[in-house]
Amino acid sequence: MPEQPREERLAAAFVELATTLAGDFDDVQFLRTLSERCVDLLDISAAGVALAAPRNGRAEVTGSDARVRSLERNGADWGEGPCQDCLRTGNPVEGIALDHPDARAAWPRFTRRARRLGFHSVAATPLRVRDEVVGALSLFVDGPGTPDPAQLRLGRALADFAAIPILQQRELRRQTRLTEQLETALESRILVEQAKGALAQQRRITVDEAFALLRDHARSRRRRISDVAREFLDGTGELPLSEPAD
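- Under an unreviewed UniProt entry, the protein has the name GAF and ANTAR domain-containing protein and belongs to Streptomyces liliiviolaceus.

## Looking at the overall build of the protein
So, step 1. Helices and strands together make up the secondary structure of the protein, namely 9 helices and 5 strands.
So, step 2. Helices (α) and strands (β) of the protein occur, in sequence order from the N terminus, as α-α-β-β-α-α-β-α-α-β-β-α-α-α.
So, step 3. Taken across its 246 residues, the protein has 41% of its residues classed as buried.
So, step 4. Look at the contacts in the protein between residues 6 or more apart in sequence, and 60% of them connect residues 24 or more apart.
So, step 5. Within the structure as shown, the protein displays about 13,900 Å² of accessible surface, and the carbon and sulfur contribution to it stands at 49%.

## Looking at the nonpolar core
So, step 1. Core analysis: the largest hydrophobic core is formed by 25 residues, its most contacted members being Leu 31, Cys 38, Leu 127, Leu 137 and Leu 139.
So, step 2. At the level of elements, α2 (27-42), β1 (46-51), β4 (121-129), β5 (132-141) and α7 (149-203) are the ones that each hand at least two residues to this core.
So, step 3. Ranked by residue count, the leading element in this core is α7, at 8 residues.
So, step 4. Ignoring any residue separated from it by four or fewer positions in sequence, one finds Leu 137 in contact with Cys 38, Ala 47, Gly 48, Val 49, Cys 83, Ala 123, Ala 124, Thr 125, Leu 127, Gly 155 and Ala 159.

## Some thoughts on the packing of helix α8 (residues 207-220) against helix α9 (residues 225-234)
So, step 1. Axis separation between α8 and α9 bottoms out at 9 Å; the angle between their running directions is 115 degrees. On the basis of the axis angle, α8 is roughly perpendicular to α9. Relative to α9, the crossing made by α8 is right-handed. On α9, the residues that touch Phe 211, Leu 214, Arg 215, His 217 and Ala 218 of α8 are Ile 225, Val 228 and Ala 229.
So, step 2. Split into classes, the residues belonging to the contact of α8 with α9 amount to 6 nonpolar, 1 polar and 1 charged.

## Quick word on α8
So, step 1. Here α8 contains 14 residues, and its C-alpha end-to-end distance of 20 Å stays within 8% of the 20 Å for a straight helix at 1.5 Å per residue.
So, step 2. Burial in α8 covers these residues: Ala 210, Ala 212, Leu 213, Leu 214, His 217 and Ala 218.
So, step 3. The positive-phi residue at the C-terminal boundary of α8 is Arg 222, with phi of around 55 degrees.

## Description of the packing of aromatic side chains
How two aromatic rings sit relative to each other is set out by the distance from centre to centre and by the angle between their planes.
So, step 1. Throughout the structure, instances matching the rule amount to 3 aromatic pairs.
So, step 2. Ring centres 6.1 Å apart and planes at 75 degrees place the aromatic pair Trp 107 and Phe 110 in the edge-to-face group.
So, step 3. On the basis of relative accessibility, which here comes to 4%, the residue Trp 107 falls in the buried class.
So, step 4. Grouped by ring-pair contacts, the aromatic residues Trp 107, Phe 110, Phe 119 and Phe 140 constitute a single cluster.

## Description of the pattern of salt bridges
Oppositely charged side chains may form a pair once their charged atoms are brought near each other.
So, step 1. Tallied over the full model, the rule gives 11 salt bridges.
So, step 2. The residue Glu 80 makes a salt bridge to Arg 109 at a minimum N-O spacing of 3.2 Å. Placement of Glu 80 in the loop between α3 (66-78) and α4 (82-89) and of Arg 109 in helix α6 (residues 108-116) is noted, with a sequence separation of 29 residues between them.
So, step 3. By relative accessible area, Glu 80 is classed as buried at 8%.

## Quick word on the packing of α3 against α6
So, step 1. Relative orientation of the contacting elements α3 and α6 amounts to 170 degrees, with a least axis distance of 10 Å. By the angle between their directions, the pair α3 and α6 is classed as roughly antiparallel. The segment α3 lies against α6, with Ser 70, Leu 71, Asn 74, Gly 75 and Trp 78 engaging Arg 109, Phe 110, Arg 113 and Ala 114.
So, step 2. Grouping the amino acids of the contact of α3 with α6 by side-chain chemistry returns 4 nonpolar, 3 polar and 2 charged.

## Quick notes on the sheet that holds β1
So, step 1. Here 5 strands make up an open sheet; going across it, the order is β2-β1-β5-β4-β3 and the pairing antiparallel. With partners counted over all chains shown, the strands left at the sheet margins are β2 (61-63) and β3 (93-97), one partner each. Neighbouring strand axes in the sheet, compared pairwise and without regard to direction, differ in orientation by 20 degrees on average.
So, step 2. Across 3 bridges, the pairing between β1 and β2 is antiparallel. Pairing of Gly 48 across the sheet is with Gly 63, part of β2.
So, step 3. Across the sheet, α2 lies against β1, β2, β4 and β5, angled at about 150 degrees from β1, the strand it touches most.

About the criteria used
Residues numbered from 1 in each chain as written. Predicted model: local features only at pLDDT ≥ 70, side-chain atom pairs only at ≥ 80, totals over all residues. Heavy atoms only, no water. Helix = DSSP H or I, 4+ residues; strand = E, 2+ residues; numbered from the N terminus. Buried < 20%, exposed > 50% of the residue type's maximum accessible area, 1.4 Å probe, protein only. Contact = heavy atoms within 4.5 Å. Areas by Shrake-Rupley, 256 points an atom, 1.4 Å probe, with all protein chains shown as cover. Core = buried A, V, L, I, M, F, W, Y, C linked by side-chain atoms within 4.5 Å. Axes fitted to C-alpha atoms, helices over the stretch in contact; angles between N-to-C directions. Parallel < 35°, antiparallel > 145°, perpendicular 65-115°, else oblique. Left-handed = near helix turned anticlockwise from the far one by under 90°. Nonpolar A, V, L, I, M, F, W, Y, C, P; charged D, E, K, R; others polar. Expected span 1.5 Å × (residues − 1). Phe/Tyr/Trp six-rings, centres within 6.5 Å; stacked < 30°, edge-to-face > 60°. Salt bridge = Lys/Arg side-chain N within 4 Å of Asp/Glu carboxyl O. Pairing = 2+ DSSP bridges.

Set out below in structure tokens:
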């Protein structure tokens, strides 16, 4: 069967990437698919992807094959390589030979490792939505030469497309976490209010005095007042509480 024209393969790649957005979205699997399609469409040897690390977290990396996945993990650990430069600056890295003095000076460990793995040159482009950089895509060539401008333009288009769902999923996760935090806060408030009322009725004191008892008990044991309130309502824990000192 003759190979599909590149235009048809490109259209199929966009459809495939769009299809992966349905159901349970997996960042790494989505970006691995992106890297594999880059190899197919751009006539390069391998492609790697690095996501911007969450605060105090570890960067996620993937790639079209085991070589580049290992290399991108090394680059993230060392803070070296074109993907890491893209993440820091938000600017693309034009094609450069890995034995070029500029590459060796900028990424000494990365270039040594990349050349041992058989890569000759590399370029990279950020995954960006407007001014927000969510990741970076690297393009590797085994043979002579460097990725040309046409390859970089197509790689940039694929990267820009991929950045949108990544950013959307991050915002969705942020909103989900915020909703969960608000629900937890509301649940805690309800528990405390219920415990205040029940304790006030049990001790024949005001609700303010009941709250002071709950609060002081929680503070003395370095616990959350909502946990103390829950145990009081459940009849578990260290109750009855002692009366506050006069």
